[in-house]
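# Reading the structure
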Amino acid sequence: MTADGLTKKKAIQLPIKLVRGARRLLFGLRTLRWRLFLSYLVVSIIPMFILWGNIVNILEDHLMEERAQEMRFLSNQTAHLATDTDYMSNPIIRDIINREMFASSRSHQARIIVVDTMAMVLFDSLMVYGGNTVAGPGIMQALEGVQHSTVNDGRLITEIAPIFDNENIVVGAVIVTHRVAGLDALFSEINRLTIGFIALLGFAVAVFVMLIAQWLLRPMRHILYATKEISRGHLEERVNLSGKDEFSQLGLAINNMTDKLARVETARQEFVSNVSHELKTPLSSIKVLSESLIHQENVEGEVYKEFLTDITSEVDRMTDIVNELLTLVRLDEVELPLNLSNFSLNKMLEEVIKRLKPLANQREISIDFAELRQVNIEADEMKISLALSNLVENAIKYNNPGGHVKILLDADHKNVFVTVADTGTGINEENQAKIFTRFFRVDKGRDRETGGTGLGLSITHKTILLHKGSIKLTSKEEEGSTFVVRIPLHHRS
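Residues numbered from 1 in each chain as written. Predicted model: local features only at pLDDT ≥ 70, side-chain atom pairs only at ≥ 80, totals over all residues. Heavy atoms only, no water.

## Considerations on the sheet that holds strand E12 (residues 480-488)
Formally: One requirement defines pairing of two strands: DSSP has to find at least two bridges between them. Strands here mean DSSP runs of E at least two residues long; helices mean DSSP runs of H or I at least four residues long; both are numbered from the N terminus. Axes here mean lines fitted to C-alpha atoms, for a helix over just the part in contact, with angles spanning 0 to 180 degrees between N-to-C directions. Here, two residues are considered to be in contact whenever any of their heavy atoms come within 4.5 Å of each other.
What the five strands build is an open sheet, ordered E7-E9-E10-E12-E11; its pairing is mixed. Here the strands that pair on one side only, and so sit at the sheet edges, are strand E7 (366-371) and strand E11 (470-476). Strand-to-strand, the axes of this sheet are offset by a mean angle of 10°, without reference to chain direction. Helix-sheet contacts for helix H9 (residues 381-397) involve E7, strand E9 (404-411), strand E10 (415-422), E11 and E12, and the interaxial angle to E10 is about 25°.

See the structure below:
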């Protein structure tokens, strides 16, 4: 490539680099660290400049007022000297006093003018207006016996004091003028020192704020890294922060949330696995039965009927699983509507028992229903009926042959209590905490025999919670299980 080509390439790349650098700078300014840094810097530096400007103004006003008081004292002192020495009427003494006034003028770096009642100049320390007449509002005011003071924009101080004779009659006036010099140089030096101090202090504040920002935001970097890893699916990642500040509490909340996500993910995987397994079993049975029919020749009608009956049974089992899954999905909806109505819980339980009586008779299970009072409840009748039916049906299915089921209905002024107790084999403590988990079975082989899907208690649990109630299990192995359901008499939204 030629030299001209390299030059053109560099000329093209330079604006691109500048644009990229500007983008990186703008992106950096969006970060919390830079925002915190700029906020501290603005809060620290801007008040310094405001304070500095006010201090300079206050200092200037103080110096001008101090110098004005000095000139006021000089004018009054000169006026008293003229009165005491009979300066206005005695020319001989006037020459002596003029020399003193020259000396005072030089020592105070001020101009002293003395005028009579006609505003004619009797003395001018600069010897400019001698014998002439000067006029002005301040002189007229002084000749009327009133002190006059002015300070103009050019820092020129004017003090005019009246001269009285021994009878307190105004016989003239003393005019003292003084231009304050050297303040600009003084203030320039003060400004230079102040700006240097502010720059040094600003640098120190910037370094300090950067260190503080790094220290304060270090936990945030840990949190940000952990949340990015969690968002990528690494649910084992945790925020490792100690302390009790807000960042530690945020890290703890993220860890708790991640724990729940991990549990949900585990439950989801188990749920999918269980559903697959539950559906695979009847599908496998159907496949085996249907292939047996296909590969057999000259099969008798009774065999066909038996095989088809078994296939229908497996299809019914799959239908029950799908229906109960759909019921759970609907119960999981956050805004699931309840078809509330007032109904007799006594009558509902009687109908449930009547419907399940054939199953109990088949297993030689006796059912005892005790009603301590008549209860009318506001709830979703269909869902409550399904929930209580599941409890009573389980008490019958998982009871010992010839066992007993006791159902107790009671209520107070707020809640209704339904107790379902059986004399079955009971549930050990380890499994009691899992009893409401979907597809959980204490005895999987036995559940297969009874046709259970492992979803009934999950549906009951979700239904009771949906009605703002609770369900409690107490059980001992070889003694039976007791479920106590509490439901509010009136539904609370």
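Still more to cover.
## Considerations on helix H3 (residues 91-108)
Defined as follows: Expected helix span is computed as 1.5 Å times (number of residues minus one). The buried label applies to any residue whose accessible area, calculated with a 1.4 Å probe on protein chains only, is under 20% of its type's maximum; exposed applies above 50%, and partly exposed to all values in between. Counting of polar contacts relies on pairs of N or O atoms within 3.5 Å, with two restrictions inside protein: one atom must be capable of donating a hydrogen and the other of accepting it, and residues adjacent in sequence are counted only when both atoms are side-chain atoms.
Here H3 contains 18 residues, and its C-alpha end-to-end distance of 25 Å stays within 8% of the 26 Å for a straight helix at 1.5 Å per residue. Taken together, the buried positions of H3 are occupied by Arg-94, Ile-97, Asn-98, Met-101 and Ser-105. Where H3 starts, the residue carrying a side-chain oxygen 3.2 Å from the main-chain nitrogen of Ile-92 turns out to be Asn-90. Gln-109 occupies a position one or two residues after H3 and carries a positive phi of about 50°.

## Digging into the packing of aromatic side chains
So the rule is basically this: Stacked, tilted and edge-to-face pairs are distinguished by plane angle, under 30 degrees for stacked and over 60 for edge-to-face with tilted covering the rest, among Phe, Tyr and Trp rings (Trp via its six-membered ring) whose centres lie within 6.5 Å.
For the structure on display, the rule yields one aromatic pair. Centroid distance Phe-102 to Phe-123: 4.9 Å. Interplanar angle 80°. Geometry classified as edge-to-face. A residue pair is termed long-range when its members are at least 10 positions apart, and Phe-102 in helix H3 and Phe-123 in strand E2 (residues 121-124) qualify at 21 residues. Overall, the relative accessible area of 4% leaves Phe-123 in the buried class.

## Observations concerning the confidence of the model for the protein chain
Put simply, the test is: Values of pLDDT, which run from 0 to 100, indicate the predictor's confidence residue by residue.
Mean pLDDT over the protein chain stands at 79; residues scoring 70 or higher make up 80%. The model gives residues 444-451 a pLDDT under 50, and that stretch makes 17 contacts with residues more than four places away or in other chains.

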